[in-house]
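# Coordinate inspection notes
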Amino acid sequence: GAVVSQHPSWVICKSGTSVKIECRSLDFQATTMFWYRQFPKQSLMLMATSNEGSKATYEQGVEKDKFLINHASLTLSTLTVTSAHPEDSSFYICSPRDPTSNEQYFGPGTRLTVT
Amino acid sequence: GENVEQHPSTLSVQEGDSAVIKCTYSDSASNYFPWYKQELGKRPQLIIDIRSNVGEKKDQRIAVTLNKTAKHFSLHITETQPEDSAVYFCAAKTGGGADGLTFGKGTHLIIQP
C-alpha cells in the first residue's frame, strides 16, 4: 500500500497553546486530503476535506478557525489545533486520496493530549 | 450526507468459530464499501472492500457481502484466530472521490481461546 507519514506521532501540550500536525504522502500526489478525529473507543469522524491549493471544507460542528488546515502542496498537508483545550485531546488521522486509483490511505495518526 | 450503522458493538466468539458484523448505509449513491481492522493506537488497516457492481468478495478467511437493494453489507470471518481480536469498522463512500469515507461506530471483536 501507499506510504503516508504523520508527525508527530504523539504530543502533549498545555491548554491554550497551538499544535501543528504534518501529514505527508510519500509515493503519490494527494490532490485531496481528509482529516479525521477519533476519540477513545469511538469511530473515526471526518473533520474536514482539503484540496490542494484551495480552502478546506469543514464538517458541521468543526470550527474552521480552531482547526487550521493547509494543503499547500500535493505531498504535504498540515492541521494546526489552535488554543488547544483538554477536550481537543484525541487521535488525529490524516487520509490522503490517490487520484490515480481513487484509493484513500491513512496516516499512522497523532495522539494529542492537552493538559 | 451518508450515515452508516454498524452492529454489534461488541462480539465475542470462540476461537475457530465464525464472526459476522453487519452494516447498513443510507445514501444510495454510495458505491464503495471497505472494511478496516484497527488495533489500539494504530491506523485503520484495510482488510477487504467491495464495490457496488459485485455482490460478494472473498479473501481467504474473510468475505464481504453486499445487498444494494437493502443497503446493507456484512463482514464474515471464518475459523477465527486470537490475532483477529481488534476493532473492525465498516465504511461507505461514493465513487467520485470528493467525499471522504463515512465510518460505522465499530465492532470490538473478541476471540476467546
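Report follows, based on the coordinates. (Residues numbered from 1 in each chain as written. Chains lettered and ligands numbered in written order. Predicted model: local features only at pLDDT ≥ 70, side-chain atom pairs only at ≥ 80, totals over all residues. Heavy atoms only, no water.)

### Observations regarding the overall build of chain A
The helix and strand tally for chain A stands at zero helices and 10 strands. The secondary structure elements of chain A, listed N-terminal to C-terminal, are β-β-β-β-β-β-β-β-β-β. With the C-alpha coordinates aligned to their principal axes, the bounding extent of chain A is approximately 40 × 25 × 20 Å. Across chain A, contacts joining residues at least 24 apart in sequence account for 54% of those joining residues at least 6 apart. If the 10 positive side-chain charges of chain A are averaged to one point and the 10 negative ones to another, these points end up 7 Å apart. (Helix = DSSP H or I, 4+ residues; strand = E, 2+ residues; numbered from the N terminus. Contact = heavy atoms within 4.5 Å. Lys, Arg positive; Asp, Glu negative; His and termini not counted. Charge placed at Lys NZ, Arg CZ, Asp CG, Glu CD.)

### A word on the sheet that holds strand 7 (residues 67–70) of chain A
Residue and element names in this part refer to chain A. Read across the open sheet, the four strands follow the order 1-3-8-7; overall the sheet is antiparallel. The strands lining the two open edges of the sheet, one partner per strand, are strand 1 (4–7) and strand 7. Taking the axes of each pair of neighbouring strands and ignoring which way they run, one obtains an average angle of 15 degrees across the sheet. For strand 1 and strand 3 (residues 19–25), the ladder comprises four bridges, and the chain directions are antiparallel. Each bridged residue has a counterpart across the sheet, and for H7 the counterpart in strand 3 is E22. (Pairing = 2+ DSSP bridges. Axes fitted to C-alpha atoms, helices over the stretch in contact; angles between N-to-C directions.)

### A few points about the pattern of salt bridges
Residues and elements named next belong to chain A. Using the criterion set out here, one finds six salt bridges over all chains in the structure. Among the ionic pairs, D88 bridges to K66, the shortest N-O distance being 2.8 Å. With D88 in the loop between strand 8 (76–81) and strand 9 (90–97) and K66 in the loop between strand 6 (57–58) and strand 7, this pair connects stretches of sequence that are 22 residues apart. (Salt bridge = Lys/Arg side-chain N within 4 Å of Asp/Glu carboxyl O.)

### Section: the sheet that holds strand 6 (residues 56–59) of chain B
All names here are of chain B. Reading across from one edge, 1-3-8-7-6 is the order of the five strands in this open sheet, with antiparallel pairing throughout. Two strands in the sheet have a free side with no partner beyond their single neighbour: strand 1 (4–7) and strand 6. Across the sheet, the axes of successive neighbouring strands diverge by a mean angle of 15 degrees, strand direction being ignored. Relative to strand 7 (residues 62–67), strand 6 runs antiparallel, the two being bridged by four bridges. Its bridge partner lying in strand 7, D59 is registered against I62.

### Comments concerning the pairing of strand 11 (residues 107–112) of chain B
Residues and elements named next belong to chain B. Burial of the side chains of strand 11 is restricted to one face: T107, L109 and I111 are buried, whereas none of H108, I110 and Q112 on the reverse face is. Sheet topology places strand 2 (residues 10–14) next to strand 11; five bridges connect them, and they run parallel. The residue bridging V13 from the neighbouring strand is I111, located in strand 11. Here strand 9 (residues 86–92) runs beside strand 11; their pairing, made up of three bridges, is antiparallel. Looking at the pairing, V87 lines up with H108 of strand 11. (Buried < 20%, exposed > 50% of the residue type's maximum accessible area, 1.4 Å probe, protein only.)

### Side note on the interface of chain B and chain A
Contact with chain B, which involves 20 residues of that partner, is made by 19 residues of chain A. Buried surface at the junction of chain B and chain A, summed over both partners, amounts to about 1,400 Å²; 47% is from carbon and sulfur atoms. For the pair chain B and chain A, the interface holds one salt bridge. With a closest N to O distance of 3.3 Å, E103 of chain A and R51 of chain B form a salt bridge. The interface formed by chain B and chain A includes seven residue pairs in polar contact (both at pLDDT 80 or more). Of all the elements, strand 4 (residues 32–38) of chain B adds the most residues to the side of chain B that touches chain A, at three residues. (Buried area = accessible area lost by both parts, 1.4 Å probe. Polar contact = N/O pair within 3.5 Å; in protein donor to acceptor, adjacent residues only side chain to side chain.)

### Points about the layout of surface pockets
In this structure, the largest pocket encloses a volume near 660 Å³. Lining of the largest pocket is provided by 30 residues; of these, L46 and E59 of chain A together with E2, L101 and T102 of chain B occupy positions nearest its centre. Where the lining of the largest pocket is concerned, the elements lending two or more residues are strand 5 (45–51) of chain A together with strand 1 and strand 10 (102–103) of chain B. With three residues, strand 5 of chain A is the largest single contributor of residues to the lining of the largest pocket. Residues of the lining of the largest pocket, tallied by class, amount to 10 nonpolar, 13 polar and seven charged. There is about 540 Å³ of room inside the second largest pocket. For the second largest pocket, the lining is made up of 21 residues, of which P40, K41 and Q42 of chain A together with L40 and V87 of chain B are closest to its centre. Among the secondary structure elements, those contributing two or more residues to the lining of the second largest pocket are strand 9 and strand 11 of chain B. By residue number, the principal contributor to the lining of the second largest pocket is strand 9 of chain B, which donates three residues. (1 Å grid on protein atoms, 1.4 Å probe; cavity = no way out; pocket = protein on both sides within 12 Å on 5 of 7 lines; lining within 4 Å. Points joined across faces, edges and corners; volume = space filled by probe spheres on them. Nonpolar A, V, L, I, M, F, W, Y, C, P; charged D, E, K, R; others polar.)

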